[in-house]
Amino acid sequence: MTNKRRKNINGASGSGTKNNDVVSKVGNQRSVVDFISSLPDDILTRIFSMLSTKEALSLCNSSRRFKHLSTTIPNVEIRVTINGFFSKFQSFSRFLENHDSVVEKFQLSNRTAGIISHVLEWLRLVVKDGIEEIDLKFDYSDLCPHIPASLLTAKTLKVLKLRRCIVDDLLSITGLKSLKSLLLEDMYISDDMIGLLCCHCESLQDLAIHKCTGFGEIKILNPRSKLETLILDHPYDDVDHFRLNISSLKTLLISNRRMNFSFIGRPHIDDLVLCRGADLGITEEESENMKVNIINKLGNVRFLQLDGWAFECLPANNSSANHSLKNLEVLALEFDVGLSNQTKLNNLIVGAKCLKTLLISIKQKNTAEYHSIYTDGKFERVIKYYLDRAYGPIKPTVYFGKNTVPVSSSTLQNINIKDFSGTLYEVSYINFVLAHFQHLRVFEVTPVEEMEEEEILAYAELFSMFPRVCRDVYMLVGSEEVWKSGWVR
């Protein structure tokens, strides 16, 4: 007897292959689920550690196979919002009381005042030997809560982050032999506390201090310290002096309105970021101190960012630049424009033989006398100035004077001009860059947010007509790609 082929729902004949595919796909999904369910508990717990506490608990409650694992989640994150309810605080306590295994990472973000008793109870339940990271953040306008230091001294603690709180006897954490990373934010710190922390926390590698008060000098004089990263973000006027003697230091970021340094020895710093109040005038003492104690002592710097500093602080000639910034690869700075500054920048670029990337934000005084050029910011006038020239093709601008520095020998490959506002000075500098840097490969112009799309397109079309010493430059003006002369896409 001949087998008849079945018809599908559309009336077409078929052998059931499509249905088999569906069954096969469903079967594959089931096999994947079964495979995950068949994993041992320790692997599942490690997978859950990569999720947020909320996600991990939701997953545990979705299956009887995973339900018992809710008490073994290694990372606990509690976020208390302004609308937090008392019942929730009790449920957090019950959850931690029933927790079977060691909590490795505890994060608390609290925006509600008056629950410090609950917070202390949670800390007592989780801070035991085995915990590796504690991250506490208190974000409300009331008085900072007091945290007993005894709740932060687990011997296994490696990462400690404290924000907007008061720790009784903070120096007691110097007994933490395993502590590698410490963050203090919006707290009170005495003059000698930072140095003592670095001296007695034997394994400390990363120290970050943000918006803290109470100290007038930062003094870290411990050449045997293992500290590799130091971040001092201090926007106030309290700190008068920085004295550092840390031979292991690799990354240094300091943000302060005044900059008086004393480097003892020559630390092998790779990344250096110095940000000061741009609205403050730089004194002669600060300028000289910058050159003597920082630039001339840090010949290994590969990444250098200077915000709010004038060019008087940088090497004044090629020989100085060759000696002090010989390994520099990335330079990021605010370009205080002027004829003399452009010469100093060119000196620095040529002297830094390894320099590959330049990130500049052009900041200019609104006076034609300072620039010796016209500083009109209206894009119609700026573009008209170039397009209406009667002497033929656009030539490199003469506004920067005679180019006495042979920048064509520079190895610079990437330039990004940030906060481009469209003034004649900025356009002239772009003209100069394209005409002189023969190894340039990527050139980006990032306009200010206020600039409209039609203006960005107009500037891109203008830049496409500028002469280029290197034809292989990839140009990007905002989102506009400039491939070659006259072609903007």
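Our subject is the structure listed above.
Residues numbered from 1 in each chain as written. Predicted model: local features only at pLDDT ≥ 70, side-chain atom pairs only at ≥ 80, totals over all residues. Heavy atoms only, no water.

J.: Just give me the short version of the overall build of the protein chain, but keep the residues and values in it.
T.: The number of helices and strands found in the protein chain is 14 helices and 24 strands. In the protein chain, buried positions account for 45% of the 489 residues. Contacts spanning at least 24 positions in sequence make up 62% of the contacts within the protein chain whose residues lie at least 6 apart. (Helix = DSSP H or I, 4+ residues; strand = E, 2+ residues; numbered from the N terminus. Buried < 20%, exposed > 50% of the residue type's maximum accessible area, 1.4 Å probe, protein only. Contact = heavy atoms within 4.5 Å.)

J.: Report on the nonpolar core, specifying residues and quantitative values.
T.: Proteins that are soluble and globular tend to have nonpolar side chains buried together. If you look at the biggest cluster of nonpolar residues, it comprises 120 residues, and the most contacted ones within it are Phe106, Leu162, Leu230, Tyr429, Phe443 and Phe463. The element that contributes the greatest number of residues to this core is helix H13 (residues 424-436), accounting for eight residues. One finds Leu39, Ala56, Phe66 and Ile73 within the second-largest nonpolar core, a separate group that totals eight residues. (Core = buried A, V, L, I, M, F, W, Y, C linked by side-chain atoms within 4.5 Å.)

J.: Now, about the environment of Ala208: what can you tell me, with residues and values included?
T.: Of note, Ala208 is situated in strand S10 (residues 206-210). As for Ala208 and Leu253, which are separated by 45 residues in sequence, their C-alpha atoms are 9.1 Å apart. In this view, Ala208 contacts Leu182, Leu183, Leu184 and Ile231; residues no more than four positions away in its chain are not counted.

J.: Tell me about a negative patch on the surface, and name the residues and values.
T.: Together, Glu380, Glu452, Glu453 and Glu454 give the surface a local cluster of negative charge. Inspection of the secondary structure assignment puts Glu453 in helix H14 (residues 453-464). The exposed category is assigned to Glu453, whose relative accessible area is 70%. (Patch = residues over 30% accessible without salt bridge, like charges linked within 9 Å, V, L, I, M, F, W, Y side chains within 5 Å. Areas by Shrake-Rupley, 256 points an atom, 1.4 Å probe, with all protein chains shown as cover. Salt bridge = Lys/Arg side-chain N within 4 Å of Asp/Glu carboxyl O. Lys, Arg positive; Asp, Glu negative; His and termini not counted. Charge placed at Lys NZ, Arg CZ, Asp CG, Glu CD.)

J.: Explain the packing of aromatic side chains to me, and be specific about the residues and the numbers.
T.: Across all of its chains, the model carries six aromatic pairs by this definition. Considering the side-chain rings of Tyr429 and Phe432, the 6.2 Å spacing of their centres and the 25 degrees angle between planes classify their relative orientation as stacked. Taken together, the residues Tyr429 and Phe432, both in helix H13 and three residues apart, mark about one turn of the helix. Considering the side-chain rings of Tyr459 and Phe463, the 6.2 Å spacing of their centres and the 25 degrees angle between planes classify their relative orientation as stacked. Of the two residues, Tyr459 and Phe463 are both situated in helix H14; the distance of four residues between them amounts to about one turn of the helix. What makes Tyr459 buried here is its relative accessible area of 1%. (Phe/Tyr/Trp six-rings, centres within 6.5 Å; stacked < 30°, edge-to-face > 60°.)

J.: Explain the pattern of salt bridges to me, using residue names and the numbers behind them.
T.: Where charged atoms of side chains with opposite charge meet at close range, the side chains can pair. All chains considered together, the criterion is met by seven salt bridges. The salt bridge partner of Glu77 is Arg79, with a shortest N-O separation of 2.7 Å. Of the charged contacts, one joins Arg124 and Glu121 as a salt bridge, the two residues approaching to 3.8 Å between their closest N and O atoms. Of this pair, Arg124 and Glu121 both sit in helix H6 (residues 116-126), three residues apart, roughly one helical turn. Taking relative accessible area as the criterion, Glu121 reaches 29% and is therefore assigned partly exposed. Members of the salt-bridge network, linked through shared partners, are Asp135, Arg163 and Glu185.

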